[in-house]
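Listed below, chain by chain, are the residues.
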Amino acid sequence: MIKNTPPMGWNSWNTFGADINEQLIFDTADKMVETGLKDLGYEYLVIDDCWSLKERDENGRLKADPEKFPHGMKAVADYVHSKGLKFGMYSCAGNLTCAGYPGSFEHEFVDAKTFAEWGVDFLKYDYCYHSNIIHGKYLYRRMGLALKNCGRDILFSACSWGADNTAEWMRETGANMWRSTGDIFDTWESVKSLTEQQDKILPYGGAGCFNDMDMLIVGMHGKGNVGLEGLNDTQYKTHFSIWSLFGSPLMIGCDVRNMTGETLDILSNKELIKINQDADCRQVMKVPAIWGGDNLKCYARNLENGDIAVGFFNFGDADAAARLNLDELGLPESTGKTLQMHEVWSGETVTVKNGTFIHSINAYDSLVYRCKVVDA
Ligand code: GLA
């Protein structure tokens, strides 16, 4: 059974790009366990592009590059499984993957079978070099069906970047998550832009097919394949807060073998992970942050037990004031109710008086509250 909450795990692309091999995967699997990330729910360990040979074998099957994976993919999957983790791989709806390796077009069923035989639990499916004649929805339908009929539970992680109005047709293909935007880079601008792009597509996320904001850059600090200028830890904290609150899949993208303590702390915020994994998987609501200007964002999400998660995100480089009227959330003063708000990073708890919440927020920072409805 595939869980019906946002998938969590690690993916090789952000840091390692083409520079992948079995030892890296073994060591990463070990670290996912040692650091406690596995126990926090990060369960899928995914090898992205560049794992195969450039040609299929004589039977038309994909073949792992024997220099990178000398014992073959089944052995890698076995190792990952032996650690209590799940194993993910990557292919593409086109003739070629984005990095120019063979894609699964016209090989969907044989590839799904191969992945199942190797013990794959997750398939990221990209959109490069796809047919100009056949609409993308048919290409994803094919692989969706192939995976459903391969004899193994394989989570279908679609990656067509929101192209060709993906939002409108991805859910029907059987995808469990869908990449809603172009690629993330290790810059603050990228985090801001990917967040702002969500506003129009929030209704398409949620249970069954999660709106994927792309792999996390937390802890990359400018190193690796998509590493550019890097972020500071406050910005990484805000990035993680947004992805968590929005119910995006949480796929770690840094080198977990060499994380700082701050990076591990950010990725390990249990209260945020709990909000991310909330069983109701409600749509996020955009809430006006009064007088905050364009750089201050506020979003909220109703949770399964009647609580509300509320996040303020300061995209600006100056300190600001976060303000919220509770009637935005359905709690005008006439209800006789208010919110007791518990901040998930500082542990601070406040009860809102007179229907309006006000709190200072530092430059680049975030405040995320789990709020209980209480008598005013
Ligand atoms: C595309 C995807 C990325 C990554 C690369 C691999 O750009 O969006 O996430 O998988 O391809 O080549």
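Reference entry: report on the structure contained in this document.

Definitions and cut-offs
Residues numbered from 1 in each chain as written. Predicted model: local features only at pLDDT ≥ 70, side-chain atom pairs only at ≥ 80, totals over all residues. Heavy atoms only, no water. Phe/Tyr/Trp six-rings, centres within 6.5 Å; stacked < 30°, edge-to-face > 60°. Helix = DSSP H or I, 4+ residues; strand = E, 2+ residues; numbered from the N terminus. Buried < 20%, exposed > 50% of the residue type's maximum accessible area, 1.4 Å probe, protein only. Pairing = 2+ DSSP bridges. Axes fitted to C-alpha atoms, helices over the stretch in contact; angles between N-to-C directions. Contact = heavy atoms within 4.5 Å. Parallel < 35°, antiparallel > 145°, perpendicular 65-115°, else oblique. Left-handed = near helix turned anticlockwise from the far one by under 90°.

1. Quick look at the packing of aromatic side chains
Applying the stated criterion across every chain yields a total of 18 aromatic pairs. Their ring planes at 85 degrees and their centres at 5.5 Å tell us that tyrosine 125 and tyrosine 140 sit as a pair that is edge-to-face. Of the two residues, tyrosine 125 sits in strand β4 (residues 122-126) while tyrosine 140 sits in helix α6 (residues 136-148), which places them 15 residues apart along the sequence. Summarising the burial analysis for this pair, tyrosine 125 and tyrosine 140 share the class buried. Ring geometry for tyrosine 140 versus tryptophan 169: centroids 5.9 Å apart, planes at 45 degrees, classification tilted.

2. Digging into the pairing of strand β3 (residues 86-92)
Counting buried positions along β3 yields six of seven residues, so the element is predominantly enclosed. As paired strands, strand β2 (residues 44-46) and β3 are joined by three bridges and run parallel to one another. Residue pairing across strands places leucine 45 opposite phenylalanine 87, the latter belonging to β3. In this structure, β3 lies alongside β4, joined through five bridges in parallel fashion. For tyrosine 90, the partnering residue across the bridge sits in β4 and is lysine 124.

3. Considerations on the sheet that holds β3
Read across the open sheet, the eight strands follow the order β7-β6-β5-β4-β3-β2-β1-β8; overall the sheet is parallel. The open sheet has two free edges, formed respectively by β7 (210-212) and β8 (250-252), since each of these has just one partner strand. Averaged over all neighbouring strand pairs, the angle between strand axes comes to 25 degrees, with direction disregarded. Of the pairings in the sheet, the one linking strand β1 (residues 8-11) to β2 comprises three bridges and is parallel in character. Within β2, the residue paired with glycine 9 across the bridge is tyrosine 44. With respect to the sheet, helix α4 (residues 72-82) is in contact with β2 and β3, its orientation differing from that of β3 by roughly 140 degrees.

4. Overview of the packing of helix α5 (residues 108-118) against α6
At a closest axis distance of 9 Å, the pairing of α5 and α6 adopts a crossing angle of 40 degrees. Of the possible angle classes, the one that applies to α5 and α6 is oblique. In terms of crossing hand, the pair formed by α5 and α6 is right-handed. Residue-level contacts link Glu108, Phe109, Asp111 and Ala112 of α5 to Arg142, Met143, Leu145, Ala146 and Leu147 of α6.

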